[in-house]
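# Structure assessment
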Amino acid sequence: MRLTVRVSSGEVCCICVWKLQLNESLGPEEVMHLSVVACEKRLDETLTMLKSALLFSLKKIKFHIFAEDYLAPQFEERLNQWPQSVSARFQYSIYPISFSVGNAEEWKKLFKPCAAQRLFLPVILKDVDSLLYVDTDVLFLRPMDDIWMFLKSFNGSQLAAMAPEHEVSKIGWYSRFARHPFYGVTGVNSGVMLMNLTRIRRTLFKSSLIAGGLLWEDLLHPLHQKYKNHITWGDQDLLNIIFHYNPENLYIFPCQWNYRPDHCMYGSNCKGAEQEGVSILHGNRGVYHDDKQPAFKVVYDAIHNFPFEDNMFQSLFYPIQNKFLDTVNTLCGRIPQVFLKQIEKAMKTVFDANVVRHVRPHK
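Here is a short report on the structure shown in this document. Computed from a predicted model, the values in this text were never measured in an experiment.

Basis of the calculations
Every chain is numbered on its own, with residues counted from 1 as its sequence reads. For this predicted model, a pLDDT threshold of at least 70 governs which residues receive local features, and a threshold of 80 or more governs which side-chain atom pairs are given and counted, while totals over whole chains, interfaces and linings are taken from all residues. To obtain the side-chain values, all non-hydrogen atoms of the structure were used and water was disregarded. Only runs of H or I of at least four residues qualify as helices and only runs of E of at least two qualify as strands under DSSP, and these elements are numbered from the N terminus. Type-normalised accessible area, obtained with a 1.4 Å probe on protein chains alone, sets the label of each residue: buried when under 20%, exposed when over 50%, and partly exposed for intermediate values. A contact between two residues is defined here by any heavy atoms of the two lying within 4.5 Å. What is meant by a nonpolar core is a set of buried Ala, Val, Leu, Ile, Met, Phe, Trp, Tyr and Cys residues, joined one to another through side-chain atoms within 4.5 Å. Where each domain begins and ends is defined by an automated method or by a domain database. Put simply, a disulfide is two cysteine sulfurs that come within 2.5 Å. Here the term cavity refers to a set of points on a 1 Å grid, laid over the protein atoms alone, in which a 1.4 Å probe fits but cannot get out; the term pocket refers to an open set having protein on both sides within 12 Å along at least five of seven lines, with lining residues being those that place an atom within 4 Å of a point. Grid points are joined across faces, edges and corners, and a volume is the space filled by probe spheres set on the points. Under the scheme applied here, ten amino acids are nonpolar (Ala, Val, Leu, Ile, Met, Phe, Trp, Tyr, Cys and Pro), four are charged (Asp, Glu, Lys and Arg), and all others, including Gly, are polar. We count a salt bridge whenever a side-chain nitrogen from Lys or Arg sits within 4 Å of a carboxyl oxygen from Asp or Glu. Geometry of aromatic contacts follows a simple scheme: Phe, Tyr and Trp rings, the Trp one being its six-membered ring, pair when their centres are within 6.5 Å, and the pair is stacked under 30 degrees between planes, edge-to-face over 60, tilted otherwise. The criterion is that NZ of a Lys, or CZ of an Arg, lies within 6 Å of the ring centre and within 35 degrees of the ring normal, and then a charge sits over that ring.

Here the focus is the overall build of the protein chain. Within the protein chain one finds 14 helices and 11 strands. Residues classed as buried in the protein chain amount to 54% of the 363 residues present. When contacts within the protein chain are restricted to residue pairs at least 6 apart in sequence, long-range pairs at least 24 apart make up 72% of them.

All right, on to the nonpolar core then. Ranked by size, the top nonpolar core spans 75 residues in total, and within it Leu-34, Leu-132, Phe-253, Tyr-259, Leu-281 and Leu-316 carry the most contacts. Here this core gets 8 residues from one element, more than from any other, and that element is helix H1 (residues 43-56). Viewed by domain, this core spans two of them, domain 1 (32-253) and domain 2 (257-350), each represented by three or more residues. Filtering out sequence-adjacent residues up to four positions away, Phe-253 remains in contact with Ile-147, Phe-150, Ala-161, Met-162, Ala-163, Pro-164, Val-192 and Leu-194. Counting residues in hydrophobic clusters, the runner-up holds 42 residues, among them Val-101, Leu-119, Ile-231 and Leu-250.

With that out of the way, let us pick up the state of the cysteines. A full pass over the atoms with the stated rule returns 3 disulfides. If you count the bonded cysteines of the protein chain from the N-terminus, they pair up as 1-2, 3-5, 4-6.

What follows is about empty space enclosed by the protein. All chains considered together, the criterion is met by 1 cavity of 30 Å³ or more. The space that makes up the largest cavity amounts to roughly 60 Å³. In this structure, the largest cavity is lined by Tyr-259, Cys-264, Gly-267, Ser-268, Glu-274, Leu-331, Cys-332, Arg-334, Ile-335, Val-338 and Phe-339. Its residues assigned to classes, the lining of the largest cavity shows 7 nonpolar, 2 polar and 2 charged.

Taken as a whole, this structure holds 12 salt bridges when the rule is applied. Between Asp-44 and Arg-78 there is a salt bridge, with its nearest N and O atoms 2.9 Å apart. With a gap of 34 residues between them, Asp-44 in helix H1 and Arg-78 in helix H2 (residues 72-80) connect regions that are remote in the sequence. What makes Asp-44 partly exposed here is its relative accessible area of 34%. Close ionic contact of Asp-301 with Lys-297 constitutes a salt bridge, the shortest N to O distance being 2.9 Å. Remark: Lys-297 and Asp-301 occur in helix H12 (residues 294-305); sequence separation between them is 4 residues, near one turn of the helix. Each of Arg-118, Asp-135 and Asp-235 takes part in a single network of salt bridges with overlapping partners.

The residue Glu-40 is not glycine, and still its phi comes out positive at about 55°. Position of Glu-40 relative to the elements: it lies in the loop between strand S3 (31-38) and H1. You can call Glu-40 partly exposed: its relative accessible area is 46%. In this structure, Arg-285 is a non-glycine residue whose phi angle is positive, near 65°. Topologically, Arg-285 is positioned in the loop between strand S11 (280-282) and H12.

Scanning all chains against the criterion turns up 22 aromatic pairs. Between Phe-150 and Trp-257 the ring centres are 5.3 Å apart and the planes differ by 90°, which places this aromatic pair in the edge-to-face class. Taken together, the residues Phe-150 in the loop between helix H6 (144-148) and strand S8 (160-164) and Trp-257 in the loop between strand S10 (250-252) and helix H11 (271-276) connect sequence positions 107 residues apart. Across this residue pair, the class does not change: Phe-150 and Trp-257 are buried. Taken together, the ring pairs connect Phe-63, Trp-82, Phe-90, Tyr-92 and Phe-308 into an aromatic cluster. Cation over ring: Lys-51 sits above Phe-308, and NZ or CZ is 5.5 Å from the ring centre.

Written out as structure tokens, the structure is:
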């Protein structure tokens, strides 16, 4: 059953209600929350990201999609077209772009259209305890369940997790060019950000603004006003400034959880991906839509074109494997196993979970 509620003119909230038998063992921990912000021409890219999350994940997912008003009905239409076997595994809500403090137009134009919306997720999603935020150009190559498990690795102070912006400080952007404080040696990349929203809402954050601490919502506007003429990457820079002053609150992912062209286009510099394979692919720099990094485009095209109910090995894994033969002469494509290892493993995990466990042993 699908329920659509029109909050007000131009604002649509869509909820796909699961058909589940009552089961006392199912609790809030059985649902993972995934958020994304989509503006301008990001509809297909966002849907492909959501698709990748569903393809490999085991638990059910609640999508929180923040989108411009004209995109909301398009998301609703496309998501409603997904097969019932797929729609039974997720819920979604669509929210209008909104900023609770400061100048909305100024926030909207910070770095990329609407990207600053992620800063306001703890304020807007007051009933959500924990959440994974990803950019639209992210692809899951293994179950979302695995990154969700990092929440259990947080110590008593940590309330968010991100990966380093770079692995090598001498070629990192922040260490060479930043005109503001940033986290650690190389800064962090906010394209994949796991958050305990409850902790974020309750914490008083240190800053250079006042002697005492400020709540998250009270911190955002004055922080932006102080640094807006010194930041380049918008909301990511503001997050770096926040965690520069509050490093004890941040958990750091290994680089394979936010694998970008920078990890391979200057030579391989993500040892975790070399050893374990890419877990989450982040195709920034627009590499899914041009030929500058064909290895990234091969993975995106295969997931984008994959029919949900087809055989995953025949219609997804093998096409990626074959297409990679055309990328081996590029720096990012020269080690195909970096991209393929987790996909193959995830497919086997999904197969075991959905098929093998239902096979009854012979008497």
